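What follows is each chain in one-letter form.
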Amino acid sequence: MDVFGIIILGLVTALGGGLIRDVLLNDVPIALTNNLYFIVAFASTGFAITLLPLKISIRNSVIHAADAIGTGAFAVTGVVIGSNEMFSWAPCLALGMVTATGGGILRDILASRIPKVLNTQLNATGSLIGGSVTWLLIPHDLELAVLAGAVCTAVIVWVGHKGWLSMPSLR
Amino acid sequence: MDVFGIIILGLVTALGGGLIRDVLLNDVPIALTNNLYFIVAFASTGFAITLLPLKISIRNSVIHAADAIGTGAFAVTGVVIGSNEMFSWAPCLALGMVTATGGGILRDILASRIPKVLNTQLNATGSLIGGSVTWLLIPHDLELAVLAGAVCTAVIVWVGHKGWLSMPSLR
Amino acid sequence: MDVFGIIILGLVTALGGGLIRDVLLNDVPIALTNNLYFIVAFASTGFAITLLPLKISIRNSVIHAADAIGTGAFAVTGVVIGSNEMFSWAPCLALGMVTATGGGILRDILASRIPKVLNTQLNATGSLIGGSVTWLLIPHDLELAVLAGAVCTAVIVWVGHKGWLSMPSLR
C-alpha cells in the first residue's frame, strides 16, 4: 500500500463512522460541510506517517487508550443525534454503534480483511452498553448521559484491549 | 468471529438490502423508523444462534426455500417502491435487485469474500426476471404483479439452489 | 464469477463513483433518474464480454488511455458539482476523488481484493491534483477549469500506468 492509500485509510477510519451515520440519517455528512474534520483527520494521519521512518513506535497502550476514548465519544454522539431526531431506542443504539465502529469497518473492508469489530474486540459491545446508558439518562440529564455513556463505553473497550474479557467465539 | 459479530452479520443480511435501497432513494431507512424490523431480524438471528450449540442443524432445503421466498418478496418490494416514485424501468429493476441481493452482498463483504450472488447463484437473475414481470403487470393489476413477480423470482432462485441451472461462468 | 456477476461488476465500476458522490450529497443518484447511464454502461460491458470468447484482446494501452480519460472527466465532474453546492475546497476535492475512484473501489471490494487505487496507481493522486487545478480556475473561467483539470488528471493517471512514476510505498 502506498503513502496515498495509507492517508485515505486514515481519513476513512476517522471520518467513516460519522459519514455512514449521516448518510443513513439523510443528512449531508458533516465532514463535507465543516472543513475542520478533514483538516484534523489529515493532520493526525500525516503525523502518524512521519513517525514511521523515524522508527518511533507508538506504544500499544497509547493506541488502545486513544481507541477507547474515541469509541466512547463516537458512540455517545450517535445516540444523542438519533435521540434528537426522535428515533426510538433500537435505531439510536444502532446509530451509536455505527458511528463508533463504522470507520474501522470501512478501513478493514478497504484493506480486504474481516472487520476487527466482528472478532474478539469489545468495541461493538461497549458502544451498545455505553449507548444504552446514554439513552436511559438522556431524559434526566443530557450532560450526565453523555459523560456516563462515554466513560462506560471506553472502559469496556479498554478491558477488551487488555484481553481481560472477550465475546465467546462460535468456532 | 464472535457471537456479536454473527448477530451483526445476521442483522446486516436481513436489513441490508432495504437499507441500501432507501439510501439510494434518499429516504431514511425504514429499519430506523420502525423498530419491528430490528426486533424480527434480531429474534431470528438469536433463534438461529441458539440452535448451534444444540447441534440441531437446519436442513439445506429449508434454508433454500426461505432464501427463495425472501428473495422473491424483496425483489418485488424494490420494484414496487421504485415504480411508486415514478422511476422508469431500469432503476426499478435495479432497486428490485439491490433490495433482494444487497443484504447478502453486505454480509459477504463483511466476511471478506466474493459475494455469492456474483457466483453461480441465480438470485440476481431471478430478481431481475421476476422484477420485470412485476414491472410489466403493475399498470394492469398491482396484486397480480406482486404475486406473479415474487413467485417467478422464488422459483428461479430455487432452481438455482437445486443446481438444475446456473449462469455460464467465464472461467 | 459468472456472466451476471461480471455485468454487475462492469455496471458498478462505471456508475459506482457518481453513485457514492450523489449519496454523500443527499441527491437521488443520477443513474436512477436518467436511464441513459444504465444503457451506456450496460452496452459497454456487454460489448467487452462478447469480445472474450472471440479471443480479441483489447491492448493494454487502449485500456490505460480510456482509464486516464475517464478518471479525468469524473474527477472534474465531482469538483464542479461540489463547487455548485457551495462547498469549500476540502469537500470539493474529496468529491472529485470519490467520483473518479469510487467505481473502481466498489469493484475491488466486490471482488474481495485491496482497491488498486490504494496501491501504486496514480489515479487518486491525479484526481486530487487535477481537481485542485479545476477548483482554482472555476472562479475565472468554468470551461478552462474543466478542460485543464481533466487533462491534468488524465496525464498523471497515464504516467502512472506507464510506470514512469509511482507513489512511495511504505514497506
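Quick note: structure is the one above.
Residues numbered from 1 in each chain as written. Chains lettered and ligands numbered in written order. Predicted model: local features only at pLDDT ≥ 70, side-chain atom pairs only at ≥ 80, totals over all residues. Heavy atoms only, no water.

## What about helix 7 (residues 142-162) of chain C?
All names here are of chain C. Between its terminal C-alpha atoms helix 7 stretches 30 Å, which fits the 30 Å expected from 21 residues at 1.5 Å a residue. Residues of helix 7 that are buried: Ala-145, Gly-149, Ala-150, Thr-153, Ala-154, Ile-156, Val-157, Gly-160 and His-161. Each buried residue of helix 7 lies within a common arc of 165° when the element is viewed along its axis, so the set occupies one face. Residues of helix 7 that are exposed and angled more than 90 degrees away from the buried face: Glu-143 and Leu-147. (Helix = DSSP H or I, 4+ residues; strand = E, 2+ residues; numbered from the N terminus. Expected span 1.5 Å × (residues − 1). Buried < 20%, exposed > 50% of the residue type's maximum accessible area, 1.4 Å probe, protein only. Arc of directions from axis to C-beta.)

## So, the packing of helix 5 (residues 89-110) of chain A against helix 3 (residues 35-51) of chain B
With their axes 8 Å apart at the nearest point, helix 5 of chain A and helix 3 of chain B run at an angle of 75° to one another. Regarding the angle of helix 5 of chain A to helix 3 of chain B, the classification is roughly perpendicular. Contacts from Trp89(A), Ala90(A), Pro91(A) and Ala94(A) of helix 5 of chain A reach helix 3 of chain B at Asn35(B), Phe38(B) and Ile39(B). The class makeup of the residues in the contact of helix 5 of chain A with helix 3 of chain B is six nonpolar, one polar and no charged. (Axes fitted to C-alpha atoms, helices over the stretch in contact; angles between N-to-C directions. Parallel < 35°, antiparallel > 145°, perpendicular 65-115°, else oblique. Contact = heavy atoms within 4.5 Å. Nonpolar A, V, L, I, M, F, W, Y, C, P; charged D, E, K, R; others polar.)

## Examining the interface of chain B and chain C
Of the residues lining the interface, 29 residues belong to chain B; the matching set on chain C comes to 25 residues. Here chain B packs against chain C, burying approximately 2,200 Å² in sum over the two surfaces, 70% of which is carbon and sulfur. In this structure, the connection of chain B to chain C is made through four residue pairs in polar contact (both at pLDDT 80 or more). Broken down by secondary-structure element, the contributors of at least two residues to the side of chain B that touches chain C are helix 1 (3-24), helix 5 (89-110) and helix 6 (123-137) of chain B. (Buried area = accessible area lost by both parts, 1.4 Å probe. Polar contact = N/O pair within 3.5 Å; in protein donor to acceptor, adjacent residues only side chain to side chain.)

## Some thoughts on the interface of chain C and chain A
Facing the 29 residues of chain C at the interface are 25 residues of chain A. Carbon and sulfur atoms make up 71% of the surface buried where chain C meets chain A, a total of about 2,200 Å² over both sides. For the interface between chain C and chain A, the tally reads zero salt bridges. The set of elements that each furnish at least two residues to the side of chain C that touches chain A consists of helix 1 (3-24), helix 5 (89-110) and helix 6 (123-137) of chain C. It is helix 5 of chain C that provides the largest number of residues to the side of chain C that touches chain A, a total of eight residues. (Salt bridge = Lys/Arg side-chain N within 4 Å of Asp/Glu carboxyl O.)

## A closer look at the environment of Thr134(A)
Residues and elements named next belong to chain A. Mapped onto the elements of the fold, Thr-134 is located in helix 6 (residues 123-137). What makes Thr-134 buried here is its relative accessible area of 0%. A C-alpha to C-alpha distance of 20 Å links Thr-134 and Asp-22, two positions 112 residues apart in sequence.

Keep in mind that these numbers describe shape and distance, not what the molecule does.
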